[in-house]
Amino acid sequence: MVLLDFVVGIPSPKLHVPHAFKPTRDDRGWFINPIGPNPWWTVLAALVPALLCTILIFMDQQISAVIVNRKEHKLKKGCGYHLDLFMVAVMLGVCSVMGLPWFVAATVLSITHVNSLKVESDCSAPGEQPKFLGIREQRVTGLLIFVLMGCSVFFTSVLKFIPMPVLYGVFLYMGVSSLRGIQVRTLLQRAACRLPGILSL
């Protein structure tokens with residue numbers, strides 16, 4: 001689709017990427033003064049919103065970790081809840097000082113990653129459903145994903161040709177495909193199957 005858009009020259013909205021590796025605002029450097037031109041009392045006023053953000057980030061991180069590490073996935077290695085939360089805390093500090101978006105667990109990305117590493121048995125008989133054996137537990141794909149995300153900074157001359165509808169379609173596909181196997185989806189399917197019988201009463 002990207003190649004077709006480029007060849008035909010469709011006037012679609014494209015991904016907006018910067019032309020140089022620098023802060024997006026010209027009036028500041030890489031590091032931000034925590035107080036800046038604000039009066040001293042803004043530090044005290046920010047305590048309540050900061051507490052709410054802490055709770056939100058903690059819940060987002062831990063919910064993603066619980067979904068990924070549930071019993072149905074048959075994980076053999078220990079759960080790294082504390083290590084994950086420690087790394088999130090470190091990255092939040094770094095991102096806050098540099099004015100970058102906060103780093104938290106991406107639920108859809110994490111579920112999609114786990115689903116892609118599922119190991120199933122080979123079907124020997126026709127019509128036999130493959131059996132789920134477990135997850136191929138390794139760190140290579142996660143490392144490569146984030147290395148490639150970091151390398152995308154150097155590919156801005158190519159990324160600016162990607163139409164936004166293509167990106168929306170990829171994100172929509174990832175979100176819908178990651179719902180497979182989620183308990184909420186299973187419960188909704190069961191409720192939908194029972195609904196005609198309930199309505200006929």
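A brief look at the structure comes next. Everything quoted here is computed from the prediction, not taken from an experiment.

1. So, a nonpolar patch on the surface
Part 1 of the argument: Among the surface-exposed residues, F21, W30, F31, V97, V153, F154, F155 and V158 lie close enough to one another that they form a single nonpolar patch of about 890 Å² accessible area.
Part 2 of the argument: Note on F21: relative accessible area 62%, which makes it exposed.

2. Description of the packing of helix α5 (residues 107-116) against helix α8 (residues 164-177)
Part 1 of the argument: Put simply, α5 and α8 touch, their axes get as near as 9 Å, and they point 65° apart. By the criterion of interaxial angle, the relationship of α5 to α8 is roughly perpendicular. Handedness of the crossing formed by α5 with α8: left-handed. Contacts between α5 and α8 involve V108, L109, T112 and N115 from the former and M174, G175 and S177 from the latter.
Part 2 of the argument: Taken together, the residues that form the contact of α5 with α8 break down as 3 nonpolar, 4 polar and no charged.

3. Overview of the layout of surface pockets
Part 1 of the argument: The volume enclosed by the second largest pocket comes to roughly 420 Å³.
Part 2 of the argument: Around the second largest pocket, the lining comprises 14 residues; the ones closest to its centre are P34, A46, A50, S96 and W102.
Part 3 of the argument: Listing elements by their share of the lining of the second largest pocket, those giving two or more residues are α2 (41-45), α3 (47-68) and α4 (81-98).
Part 4 of the argument: Broken down by element, the residue count for the lining of the second largest pocket peaks at 4 residues, all from α3.
Part 5 of the argument: A per-class count over the lining of the second largest pocket returns 10 nonpolar, 4 polar and no charged.

The rules behind the values
- Residues numbered from 1 in each chain as written.
- Predicted model: local features only at pLDDT ≥ 70, side-chain atom pairs only at ≥ 80, totals over all residues.
- Heavy atoms only, no water.
- Patch = residues over 30% accessible without salt bridge, like charges linked within 9 Å, V, L, I, M, F, W, Y side chains within 5 Å.
- Areas by Shrake-Rupley, 256 points an atom, 1.4 Å probe, with all protein chains shown as cover.
- Salt bridge = Lys/Arg side-chain N within 4 Å of Asp/Glu carboxyl O.
- Buried < 20%, exposed > 50% of the residue type's maximum accessible area, 1.4 Å probe, protein only.
- Axes fitted to C-alpha atoms, helices over the stretch in contact; angles between N-to-C directions.
- Helix = DSSP H or I, 4+ residues; strand = E, 2+ residues; numbered from the N terminus.
- Parallel < 35°, antiparallel > 145°, perpendicular 65-115°, else oblique.
- Left-handed = near helix turned anticlockwise from the far one by under 90°.
- Contact = heavy atoms within 4.5 Å.
- Nonpolar A, V, L, I, M, F, W, Y, C, P; charged D, E, K, R; others polar.
- 1 Å grid on protein atoms, 1.4 Å probe; cavity = no way out; pocket = protein on both sides within 12 Å on 5 of 7 lines; lining within 4 Å.
- Points joined across faces, edges and corners; volume = space filled by probe spheres on them.

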